[in-house]
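Examining the three-dimensional arrangement
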Amino acid sequence: VEDLANKVYRHAGVKVPETKLINWKGKVAHASRIVDDIDEAKSFTGEGLKNKSDIHDGFLVDALLGNWDVAGTGYSNILPTIKGEHYRIDNGGSLYLRAQGEGKPFGPTDDMKTPVSELSSLLDSGVNKETSTVFSGMTQGAMQSSFEKLSKLNNTTIANMVHASGIPPYKMDEMTRTLVSR
């Protein structure tokens, strides 16, 4: 799930570490390259991360992926670099899994009456304090930039990424349909 989420983010132009699936001790594991140039001096606070255009640029991709944990508890899932860039480093709470690996609702919106709930829940402090703080103050320009990132994804690209991922084969068609409909 996390590797697929990272591939989607990367294709859309949202900063995430380079990751891949590997065989480790006979099991599939998720390997990540360490992000260079992390700015250790910056505090990991909501105030420190809000109003950052490159974070806001990924909002619609976060919603598409259902990444409830994009900011992380204590804002630990977004790392600032010395260059002023921000990396989403832990995207395991995406798609059909919660951050700790439990299942969560993640469905298609085929009826067009059911909006992608994350479009509002990621902004609702009663649902998610961290993400609502990080995304507060998003401007129309930031939303337009976020839309441009999302528009880099098309149905064929999504299907190819899902089918090349480590998603269990019995979930591939359902995952493709869900992401395309969202």
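The following paragraphs examine the structure supplied in this document.

Thresholds, definitions, all that
- Residues numbered from 1 in each chain as written.
- Predicted model: local features only at pLDDT ≥ 70, side-chain atom pairs only at ≥ 80, totals over all residues.
- Heavy atoms only, no water.
- Helix = DSSP H or I, 4+ residues; strand = E, 2+ residues; numbered from the N terminus.
- Contact = heavy atoms within 4.5 Å.
- Buried < 20%, exposed > 50% of the residue type's maximum accessible area, 1.4 Å probe, protein only.
- Arc of directions from axis to C-beta.
- Pairing = 2+ DSSP bridges.
- Polar contact = N/O pair within 3.5 Å; in protein donor to acceptor, adjacent residues only side chain to side chain.
- Axes fitted to C-alpha atoms, helices over the stretch in contact; angles between N-to-C directions.
- Parallel < 35°, antiparallel > 145°, perpendicular 65-115°, else oblique.
- Left-handed = near helix turned anticlockwise from the far one by under 90°.
- Nonpolar A, V, L, I, M, F, W, Y, C, P; charged D, E, K, R; others polar.

With that settled, the discussion passes to the side chain of Thr81. Structurally, Thr81 is set in the loop between strand 3 (78-80) and strand 4 (86-88). Beyond its immediate sequence surroundings of up to four residues, Thr81 is in contact with Val35, Asp36, Asp37, Ile38, Asp39 and Tyr87.

This brings us to helix 7 (residues 140-150). All of the buried residues in helix 7 are Ala142, Ser146 and Lys149. Burial along helix 7 is one-sided: seen end-on, the buried residues are contained in an arc of 55 degrees. Residues of helix 7 that are buried make contact with helix 1 (2-12), helix 3 (53-56) and helix 4 (59-65).

Of the pairings in the sheet, the one linking strand 1 (residues 19-24) to strand 2 (residues 27-32) comprises six bridges and is antiparallel in character. Each residue of the ladder has a partner; that of Thr19, found in strand 2, is Ser32. Taking the residues that link successive antiparallel strands as the turn, the strand 1-strand 2 hairpin has two residues, and the phi of Lys25 there is positive, at about 55 degrees.

Time to look at the side chain of Thr178. Inspection of the secondary structure puts Thr178 in helix 9 (residues 169-181). One polar contact links the side chain of Thr178 to the main-chain carbonyl oxygen of Glu174, over a distance of 2.9 Å. Excluding residues within four positions of it along the chain, Thr178 makes contact with Phe106, Gly107 and Pro108.

Of note, Asp57 is situated in the loop between helix 3 and helix 4. As a C-alpha pair, Asp57 and Phe44 span 13 residues in sequence and 19 Å in three-dimensional space. When sequence neighbours within four positions are dropped, the list of residues in contact with Asp57 reads Ala142, Ser145, Ser146 and Lys149. Side-chain polar atoms of Asp57 contact the side chain of Ser145, separated by 2.8 Å.

A few words on the packing of helix 8 (residues 155-163) against helix 9. Contact pair helix 8 / helix 9: the axes reach a minimum separation of 9 Å and the direction vectors enclose 150 degrees. Taken together, the axes of helix 8 and helix 9 lie roughly antiparallel to each other. Handedness of the crossing formed by helix 8 with helix 9: right-handed. Contact residues: helix 8 offers Asn155, Ile158, Ala159, Val162 and His163, while helix 9 offers Met172, Asp173, Met175, Thr176, Leu179 and Val180. For the contact of helix 8 with helix 9, the class distribution of residues is seven nonpolar, three polar and one charged.

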